[in-house]
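Single-letter residue listing:
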Amino acid sequence: MSKFKSAEIRNGKVIIFNDEIDKATAELRIKKGKDVYGTRRQAETLAESLSDGQGSMKHAPHVIDGYKHFHDLNHVYTGHIFYGE
């Protein structure tokens, strides 16, 4: 199973770090308002998990050269779950 990576928006751009974090750590980052990066399926699954299986919210990029991303269904958490293939 592939891992998530830490991410953040810095100076209007999305930075993807070269670390590997598991789903539980990715979930904690999102709950703290931080960002993560993974595959589309990982991102959607994590968003659904944060929504207790009730669904997810998909967004287009907010910044130049940004990534599409998911949030929990009710956007309770401000962290972004960016994705790319």
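This write-up is about the structure you can find in this document. (Residues numbered from 1 in each chain as written. Predicted model: local features only at pLDDT ≥ 70, side-chain atom pairs only at ≥ 80, totals over all residues. Heavy atoms only, no water.)

### Let's talk about the nonpolar core
If you look at the biggest cluster of nonpolar residues, it comprises 12 residues: Phe4, Ile21, Ala26, Ile30, Val36, Ala43, Leu46, Ala47, Leu50, Phe70, Ile81 and Tyr83. Of all the secondary structure elements, the ones that give two or more residues to this core are helix 1 (23-31), helix 2 (40-50) and strand 6 (81-83). Setting aside anything within four residues of it in sequence, one finds leucine 46 in contact with Phe4, Lys23, Ala26, Glu27, Ile30, Val36 and Ile81. (Core = buried A, V, L, I, M, F, W, Y, C linked by side-chain atoms within 4.5 Å. Buried < 20%, exposed > 50% of the residue type's maximum accessible area, 1.4 Å probe, protein only. Helix = DSSP H or I, 4+ residues; strand = E, 2+ residues; numbered from the N terminus. Contact = heavy atoms within 4.5 Å.)

### Things to note about the pairing of strand 1 (residues 5-10)
With 3 bridges joining them, strand 1 and strand 3 (residues 35-38) adopt antiparallel strand pairing. Bridge pairing in strand 3 links serine 6 to valine 36. As paired strands, strand 1 and strand 2 (residues 13-16) are joined by 4 bridges and run antiparallel to one another. Within strand 2, the residue paired with isoleucine 9 across the bridge is valine 14. Taken together, strand 1 and the strand that follows it, strand 2, pair antiparallel across an intervening segment of 2 residues, in which asparagine 11 is found at a positive phi of about 55°. (Pairing = 2+ DSSP bridges.)

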